[in-house]
Amino acid sequence: MTRIAGLFARLKREGRKGLIAYLTAGDPSPDRTPALVEALERGGADLIELGVPFSDPIADGPVIQRAGERALKAGTTLAKVLEIAGEIRRRSEIPLLLFTYLNPVMRYGLDRLAKDAAACGIDGCLLIDASVEEAHEYIGAMHSHGLDTVFLAAPTSTERRLQLVARYSTGFVYMVSRTGVTGERDSLSGAITPLVQSMRRITGLPLAVGFGISRPEHVAELGGLVDAVVVGSAFVRLIERNLDNPSLEIQLEAFTRELKHGYGAAA
Amino acid sequence: MAPVEELEAAYLAAREDPGFQSELAGLLRTYAGRPTPLYFARHLSEQLGGARIWLKREDLLHTGAHKINNCLGQGLLARRMGKRRIIAETGAGQHGVATATVCALLGLDCVVYMGEEDMRRQRLNVFRMRLLGAKVIGVSTGSCTLKDAISEAMRDWVTNVADTYYLLGSALGSHPYPMMVRDFHKVIGEEARRQILEAEGRLPDTILACVGGGSNAIGIFHAFLGDPVELVGVEAGGRGNHLGEHAARYRGGAPGVLQGAYSFVLQDAHGQIALTHSVSAGLDYAMIGPEHAYLHDQRRAEYTAASDGEALDAARLLSRVEGIIPALESAHAVAEAVKRAPAAQDRILLVNISGRGDKDIDIYRENLKELDEP
């Protein structure tokens, strides 16, 4: 069982819901990322999505785009992200999901990435701009090194596509809360409930929902519906606003705890 | 995936629909100005002393470039799909102007994304788009050029997919865009083939076209794919050979994935997409259209590059000896003709003049200062 599957089994056993935190690795610098992840974990994050910065992040909104630019400027490469993951793994057993665009992966080599990621203690991978229909080689490489593959389902996904996403996802399925790119929103879209219901009919895999979730009340709203929520841009924005602030880690920990409180007693 | 699948289904149905095709053909004829002439460049040919050079005059189309062919086709498709809001990206502004024009014609809302660097370089086209009723949104991420404008248009599309049609302007992006853009431009080659057979009684030896994403090139190449005709795409050689100084994908590029397409792309050792440079905004893009990469791999087409300086010289020459001021993009194809013609005695070179130079006057002025004294 991977750390990701283990996490969801434990959450279920304990009747709890999970909080998945996204960070762009290397933002503001590669050295800083392990400490930021520790802060998230202290605050109650259950799983870390480690974003690989990319020059042309078409699925991301401006907040994560800017984080990617900072990380690239600080010299972050895919190889560097693996090093960062290794550093985190030396200190913690928190599940790590690599979040990346396809081109850096192609350049690095699919098999080489799967092998090196597994060796660094990464537990799974989410390839944001590869369609599940064309991902056979990738799925094979990841699974042969014991890594989970997480795919996304969106409100626009057809029934046929939901089936494919469910079949090739392991660990959990990532439900996109609305059409569009990553980024905070005031309120959640009504599209998520029918999407989750459709997916529940297809698969017994844990379901996480992301895109636009940034407040404890969003977490509260989704707690009854899914097994975990993903928060990204809200963390990244907090980092952006406190780049030179020595209390950044403390703030990150506090905000994580606040989000987790959204679940109320269920957390 | 659902939106591109919906688009593909709608396009394939439209392609088979005689009503759609006849409305498009009618607009191309009466609104855009097709067929465009094939002109024998006698003075240019004499001056270079070798090949007989023919020019396909896409620069004479309404809005000043070939881009209108594709915009009319996709505009009609959008209307047929019931999408009332059109978004587009633009580099040089020609595709943005053509999109704004078609939206005005068809009564559709129009939003154009344009890199802020390109807005500065192509101020006149920004104004034209606004005059046509389009909203121009500046993009200030990355290199502030075409690549970033495409990313921003894609973000808009995935957010507003229910009522919005993304009118992509080059032979790029995910399927069905490269196929659809090629289909709407293949009329260029079909006409040129008929015209050259009529005028010369034989096929040309070589066809030259500039290649950014590659829409005008694939448009003129397509009808000749089965013929014994040499096809040459001319990329932007920029101001040097180092990564970042040019947009010549076959000078240091590698296979990769950008913005939904798998093709040849300029990138660094870590898979980050490289910044590019060209004096011509329309060629300033890191990836070549996937069908061109295929033609390259099949050795059916050859890709070369012309530098900023060679393109400027070619534009000046064509203006002076033929009275045709080409777009800077098209000037790259002319530059390759200038290189090849002297050694190509009795051969026929066909050059696609994809656009006219009005939009580039400010850049020509900056680079040809001796002509701009009071």
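This is a predicted model, so every value here is computed, not measured.

## Details of the packing of aromatic side chains
On inspection of all chains with the given rule, the structure shows 13 aromatic pairs over all chains. Note on A:Phe8 and A:Phe172: the rings are 5.4 Å apart at their centroids and 45° apart in plane angle, and the pair reads as tilted. Remark: A:Phe172 occurs in the loop between helix H8 (159–168) and strand E7 (173–176) and A:Phe8 occurs in helix H1 (residues 3–14); sequence separation between them is 164 residues. Taking relative accessible area as the criterion, A:Phe8 reaches 7% and is therefore assigned buried. Note on A:Phe172: relative accessible area 0%, which makes it buried. Members of the aromatic cluster, joined through ring pairs, are B:Trp157, B:Tyr166 and B:Tyr177. One residue, A:Arg112, lies across the ring of A:Tyr108, its end atom 3.8 Å from the ring centre. When the ring centre of B:Phe40 is taken as reference, the NZ or CZ atom of B:Arg52 above it lies at 4.5 Å.

## Things to note about the pairing of strand E7 (residues 206–210) of chain B
Residue and element names in this part refer to chain B. With 5 of 5 residues buried, E7 is to be regarded as a mostly interior element. On E7, burial covers both faces: Thr206, Leu208 and Cys210 on one face and Ile207 and Ala209 on the other are all buried. Both E7 and strand E8 (residues 230–238) contribute to a ladder of 5 bridges, which runs parallel. What sits directly across from cysteine 210, in E8, is valine 234. Handedness of the crossover joining E7 and E8 through helix H11 (residues 215–221): right-handed. Of the strand pairs in this sheet, E7 and strand E12 (residues 348–353) are connected by 3 bridges, and their pairing is parallel. Bridging across to E12, isoleucine 207 finds its partner in leucine 350.

## Some thoughts on empty space enclosed by the protein
In total, this model carries 5 cavities of 30 Å³ or more according to the counting rule given. The computed volume of the largest cavity comes to approximately 300 Å³. Around the largest cavity, the lining is made up of 28 residues, and of these B:His66, B:Lys67, B:Ser215, B:Gly282 and B:Glu329 lie nearest the centre. Broken down by secondary-structure element, the contributors of at least two residues to the lining of the largest cavity are strand E3 (85–90), helix H5 (94–106) and H11 of chain B. Its residues placed into classes, the lining of the largest cavity shows 8 nonpolar, 16 polar and 4 charged. Empty space within the second largest cavity amounts to approximately 140 Å³. Lining the second largest cavity are 18 residues, and of these A:Ile64, A:Tyr174, A:Thr182, A:Gly232 and A:Ser233 sit closest to its centre. For the lining of the second largest cavity, the secondary structure elements donating two or more residues are strand E9 (228–231) and helix H11 (233–241) of chain A. Partitioned by chemical class, the residues of the lining of the second largest cavity number 9 nonpolar, 6 polar and 3 charged.

## Notes on the sheet that holds E8(B)
All names here are of chain B. With mixed pairing, 6 strands are arranged side by side in an open sheet as E1-E2-E12-E7-E8-E11. Pairing within the sheet leaves two strands with one partner each, and these edge strands are strand E1 (38–40) and strand E11 (301–307). Neighbour-to-neighbour, the strand axes of the sheet open up by a mean angle of 25°, direction not taken into account. Two strands pair when backbone bridges link them, and E8 and E11 are joined in this way by 7 bridges, in the parallel orientation. Opposite valine 232, over in E11, you have glutamate 302 as the bridge partner. Strands in contact with helix H13 (residues 308–322) are E1, strand E2 (52–57), E8, E11 and E12; relative to E11, the strand with the most contacts, it is inclined by about 90°. The sheet strands contacting helix H14 (residues 328–340) are E7, E8, E11 and E12, and the helix crosses E7 at an angle near 145°.

## With respect to the packing of H5(B) against helix H7 (residues 123–131) of chain B
All names here are of chain B. At a minimum axis distance of 9 Å, the contact between H5 and H7 shows a crossing angle of 10°. Here H5 lies roughly parallel to H7, going by the angle between them. Of H7, the residues touching H5 (which contributes Gln94, Gly96, Val97 and Ala100) are Asn125, Arg128 and Met129. Taken together, the residues that form the contact of H5 with H7 break down as 3 nonpolar, 3 polar and 1 charged.

## Digging into the sheet that holds E7(A)
All names here are of chain A. The strand order E5-E4-E3-E2-E1-E9-E8-E7-E6 describes an open sheet built from 9 strands, whose pairing is parallel. Taken across any chain shown, the strands that pair with only one partner, and hence form the sheet edges, are strand E5 (148–149) and strand E6 (152–153). Summarising the sheet, strand E1 (residues 18–24) and E9 pair through 4 bridges and their orientation is parallel. By the bridge assignment for E9, leucine 19 is matched with valine 229. The strands touched by helix H9 (residues 192–202) are E6, E7 and strand E8 (207–210); relative to E7, the strand with the most contacts, the crossing angle is about 155°.

## A word on the confidence of the model for chain B
Here chain B shows a mean pLDDT of 96. Residues at 70 or above account for 100%. For this predicted complex, the interface confidence reaches an ipTM of 0.93, while the overall pTM sits at 0.94.

## A word on the state of the cysteines
Residues and elements named next belong to chain A. For the structure shown, the criterion picks out 0 disulfides over all chains. The thiol of cysteine 120 is unpaired, and the distance to the nearest cysteine sulfur, on cysteine 125, comes to 13 Å. Cysteine 120 sits in the buried class, given a relative accessible area of 19%.

## A few points about the layout of surface pockets
All names here are of chain B. Each pocket or cavity is described by its volume, and for the second largest pocket that value is around 300 Å³. Taken together, 15 residues form the lining of the second largest pocket, with Glu117, Arg120, Arg121, Ile363 and Glu366 sitting closest to its centre. Per-element tally for the lining of the second largest pocket: the top contributor is helix H15 (residues 361–367), with 4 residues. Here the residues of the lining of the second largest pocket sort into 2 nonpolar, 6 polar and 7 charged.

Rules of the game
- Residues numbered from 1 in each chain as written.
- Chains lettered and ligands numbered in written order.
- Predicted model: local features only at pLDDT ≥ 70, side-chain atom pairs only at ≥ 80, totals over all residues.
- Heavy atoms only, no water.
- Phe/Tyr/Trp six-rings, centres within 6.5 Å; stacked < 30°, edge-to-face > 60°.
- Helix = DSSP H or I, 4+ residues; strand = E, 2+ residues; numbered from the N terminus.
- Buried < 20%, exposed > 50% of the residue type's maximum accessible area, 1.4 Å probe, protein only.
- Lys NZ or Arg CZ within 6 Å of the ring centre and 35° of its normal.
- Pairing = 2+ DSSP bridges.
- Right-handed = clockwise from strand over helix to strand, strands pointing away.
- 1 Å grid on protein atoms, 1.4 Å probe; cavity = no way out; pocket = protein on both sides within 12 Å on 5 of 7 lines; lining within 4 Å.
- Points joined across faces, edges and corners; volume = space filled by probe spheres on them.
- Nonpolar A, V, L, I, M, F, W, Y, C, P; charged D, E, K, R; others polar.
- Axes fitted to C-alpha atoms, helices over the stretch in contact; angles between N-to-C directions.
- Contact = heavy atoms within 4.5 Å.
- Parallel < 35°, antiparallel > 145°, perpendicular 65-115°, else oblique.
- pLDDT = per-residue confidence, 0-100.
- Disulfide = S-S within 2.5 Å.

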